[in-house]
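Chain by chain, the residues:
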Amino acid sequence: MSLTLNIIGAGRLGRTLGRLWQQRGFFRIQSICNHSPQSAETARNFIGAGSVCDSIGTMENADCWLIATGDRQIAGIAEQLGPRLNDRDNAVVFHCSGALGSEILSPCRPAATASAHPVHSFADPEKSLCNLAGSTVALEGDRSAIELLQRAFTALDCELLTIDSSKKALYHAGSVFACNYLTALMDLSLRTFSAAGIERERALELLKPIVLQTAGNNMAMGPEQSLTGPIARGDVDTVRRQLAALAQTDTQLAQCYRQLGLTCVELARHNQLPGPLAEQLIDLLSEPPR
Ligand SMILES: NC(=O)c1ccc[n+]([C@@H]2O[C@H](COP(=O)([O-])OP(=O)(O)OC[C@H]3O[C@@H](n4cnc5c(N)ncnc54)[C@H](OP(=O)(O)O)[C@@H]3O)[C@@H](O)[C@H]2O)c1
């Protein structure tokens, strides 16, 4: 007989996982509680199972509890849920935030707690039903909770990654660099093109092939081998001219160019940039000068 799962916050992620687990027969979805009962009803219809509850207090006992509210609500929900769990239940409580660790669920002890972060966008639950398979889920928390969740996500054909609980913030920062900061870099690039008199639409058009190609190269060869451009070539004069032009235009652009340039020098060093050229570039890019 399948284990029972209660969902608090059956939004985009919660309803998608709920439906997939119900369909695969891994969990039987039991009670669903959202902020509004109407939204919980919509989630219930999407999942095709479960009963709607208007408060945590009216939810049945379950083997496993998923708290899939927004990150800001998780601590408060854990406080509300804790008092109704006891050690006879052997329950597992988990959330799916990438930013928060399982320790935020400590009010739910004696239940075993964990976090399980699917590296996937649930923007469109219908699409996620088809393409969640193959996504990686990063797990941390109590061993018994991790073991259950490993089986649960394997049943959805996900890849698994176990991370050290004390490293959760670093794990999440890793994604922020590659995803959110890539977006910030695009904005810096467009601002610089705009200062050069190239309008946004035209700049996006010219960037598209080279940005996608760079992303592909990085995935295939890693950053050291993918770095091209003036720093990789040790072209100190070009870097000096670009830095001067940026400094005259926008101090934030110049600051970012310096910081990221120093990271590029480190990469280029691993790829045969001669030491003396690396030293000149570091002097140029450091602020204040070394
Ligand atoms: N979306 C993603 O791509 C994604 C990816 C990885 C991880 N995650 C994580 O998954 C979790 C959920 O994200 P999401 O995007 O699915 O959020 P979402 O679509 O905004 O859904 C949040 C749900 O929580 C419910 N809720 C809010 N406050 C509540 C309360 N006090 N009691 C009961 N239910 C409450 C909301 O109810 P109403 O509908 O009634 O407002 C809504 O159904 C977050 O921890 C997020 O970090 C999301």
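Bear in mind that the values here come from a model prediction, so they are computed numbers and not experimental data.

### Describing the sheet that holds strand 2 (residues 27-33)
Here is step 1 of the chain: The eight strands are arranged 3-2-1-4-5-6-7-8 in an open sheet whose pairing can be described as mixed. The sheet is open, and its two borders are formed by strand 3 (51-52) and strand 8 (159-162), each paired with just one other strand.

### With respect to a nonpolar patch on the surface
Here is step 1 of the chain: A grouping of Leu182, Leu185 and Leu260 is seen on the molecular surface, where their side chains present a nonpolar patch of about 240 Å² in accessible area.
Here is step 2 of the chain: Residue placement: Leu260 occurs in helix 11 (residues 251-269).

### Observations concerning the packing of aromatic side chains
Here is step 1 of the chain: In the structure shown here, the tally under the stated rule is five aromatic pairs.
Here is step 2 of the chain: Note on Phe26 and Phe27: the rings are 4.9 Å apart at their centroids and 90° apart in plane angle, and the pair reads as edge-to-face. When sorted by exposure, Phe26 lands in the same class as Phe27, which is buried.
Here is step 3 of the chain: Taken together, Trp21, Phe26, Phe27, Phe94 and Phe153 form an aromatic cluster joined through their ring pairs.
Here is step 4 of the chain: Against the face of Phe46 rests Arg19, its NZ or CZ located 4.8 Å from the ring centre.

### What about the nonpolar core?
Here is step 1 of the chain: Formed by 38 residues in total, the largest nonpolar core has its most connected members in Leu5, Leu17, Trp21, Phe27, Phe94 and Phe153.
Here is step 2 of the chain: Among the elements that take part in this core, helix 5 (residues 143-154) stands out by supplying six residues, more than any other.
Here is step 3 of the chain: Ignoring any residue separated from it by four or fewer positions in sequence, one finds Trp21 in contact with Leu5, Phe26, Phe27, Phe94, Ala152, Phe153 and Leu156.

### Topic: the layout of surface pockets
Here is step 1 of the chain: Approximately 2100 Å³ is the volume found for the largest pocket.
Here is step 2 of the chain: Along the wall of the largest pocket there are 39 residues; nearest its centre are Leu185, Thr214, Leu227, Leu260 and Cys264.
Here is step 3 of the chain: Counting only elements with at least two residues in the lining of the largest pocket, the list comes to helix 6 (168-195), helix 7 (200-221), helix 8 (223-226), helix 9 (230-233), helix 10 (236-249) and helix 11.
Here is step 4 of the chain: Take the lining of the largest pocket: its biggest share by element is 11 residues, from helix 6.
Here is step 5 of the chain: Class assignment of the residues belonging to the lining of the largest pocket gives a composition of 26 nonpolar, 13 polar and no charged.
Here is step 6 of the chain: Estimated volume of the second largest pocket: approximately 600 Å³.
Here is step 7 of the chain: For the second largest pocket, the lining is made up of 25 residues, of which Arg12, Leu13, Ala68, Thr69 and Asp71 are closest to its centre.
Here is step 8 of the chain: Elements with a minimum of two residues in the lining of the second largest pocket: helix 1 (12-24), helix 3 (71-81) and strand 6 (112-118).
Here is step 9 of the chain: Looking at side-chain class alone, the lining of the second largest pocket contains nine nonpolar, 14 polar and two charged residues.

### Structural notes on the UniProt feature "domain: Putative oxidoreductase/dehydrogenase Rossmann-like" (unreviewed entry) in the protein
Here is step 1 of the chain: Following the UniProt record, one finds the feature "domain: Putative oxidoreductase/dehydrogenase Rossmann-like" (unreviewed entry) at residues 3-108.
Here is step 2 of the chain: A distance of 19 Å separates the end C-alpha atoms of residues 3-108, which is 33% helix and 22% strand.

### Quick word on the site of the ligand
Here is step 1 of the chain: Taken together, 24 residues form the shell around the ligand, and within it Leu13, Ser36, Ser39, Asp71 and Phe122 come nearest.
Here is step 2 of the chain: Take Asn34: an N or O atom from its side chain is 3.2 Å from an oxygen atom of the ligand.
Here is step 3 of the chain: Within the side chain of Ser39, a nitrogen or oxygen atom sits 2.6 Å from an oxygen atom of the ligand.
Here is step 4 of the chain: For the ligand, whose free accessible area comes to 900 Å², the fraction covered by protein is 75%.
Here is step 5 of the chain: A majority-of-atoms criterion places the ligand in the second largest pocket.
Here is step 6 of the chain: Listed by contribution, the elements that provide at least two residues to the shell around the ligand are helix 1, helix 3 and strand 6.
Here is step 7 of the chain: Among the elements that line the shell around the ligand, the one with the most residues is helix 3, at four residues.
Here is step 8 of the chain: Within the shell around the ligand, the residues separate by chemical class into 10 nonpolar, 12 polar and two charged.

### A short note on the pattern of salt bridges
Here is step 1 of the chain: By the definition in use, this model includes 11 salt bridges.
Here is step 2 of the chain: The partner of Glu205 in a salt bridge is Arg202, and the shortest N-O contact between them spans 3.7 Å. Taken as a pair, Glu205 and Arg202 lie in helix 7 at a separation of three residues, close to a single helical turn.
Here is step 3 of the chain: Residue Glu205 is classed as exposed on the basis of its relative accessible area, which comes to 52%.
Here is step 4 of the chain: On the basis of relative accessible area, Arg202 is assigned to the partly exposed category, the value being 44%.
Here is step 5 of the chain: Bridged by salt links that share partners, the residues Asp187, Arg191 and Asp250 form one connected network.

Here is what the cut-offs are and how they apply
- Residues numbered from 1 in each chain as written.
- Predicted model: local features only at pLDDT ≥ 70, side-chain atom pairs only at ≥ 80, totals over all residues.
- Heavy atoms only, no water.
- Pairing = 2+ DSSP bridges.
- Helix = DSSP H or I, 4+ residues; strand = E, 2+ residues; numbered from the N terminus.
- Patch = residues over 30% accessible without salt bridge, like charges linked within 9 Å, V, L, I, M, F, W, Y side chains within 5 Å.
- Areas by Shrake-Rupley, 256 points an atom, 1.4 Å probe, with all protein chains shown as cover.
- Salt bridge = Lys/Arg side-chain N within 4 Å of Asp/Glu carboxyl O.
- Phe/Tyr/Trp six-rings, centres within 6.5 Å; stacked < 30°, edge-to-face > 60°.
- Buried < 20%, exposed > 50% of the residue type's maximum accessible area, 1.4 Å probe, protein only.
- Lys NZ or Arg CZ within 6 Å of the ring centre and 35° of its normal.
- Core = buried A, V, L, I, M, F, W, Y, C linked by side-chain atoms within 4.5 Å.
- Contact = heavy atoms within 4.5 Å.
- 1 Å grid on protein atoms, 1.4 Å probe; cavity = no way out; pocket = protein on both sides within 12 Å on 5 of 7 lines; lining within 4 Å.
- Points joined across faces, edges and corners; volume = space filled by probe spheres on them.
- Nonpolar A, V, L, I, M, F, W, Y, C, P; charged D, E, K, R; others polar.
- UniProt positions renumbered as here; feature names shortened; annotations may be inferred.
- Near = heavy atom within 4 Å.
- Polar contact = N/O pair within 3.5 Å; in protein donor to acceptor, adjacent residues only side chain to side chain.
- Sits in = over half its atoms within 2 Å of the grid points.

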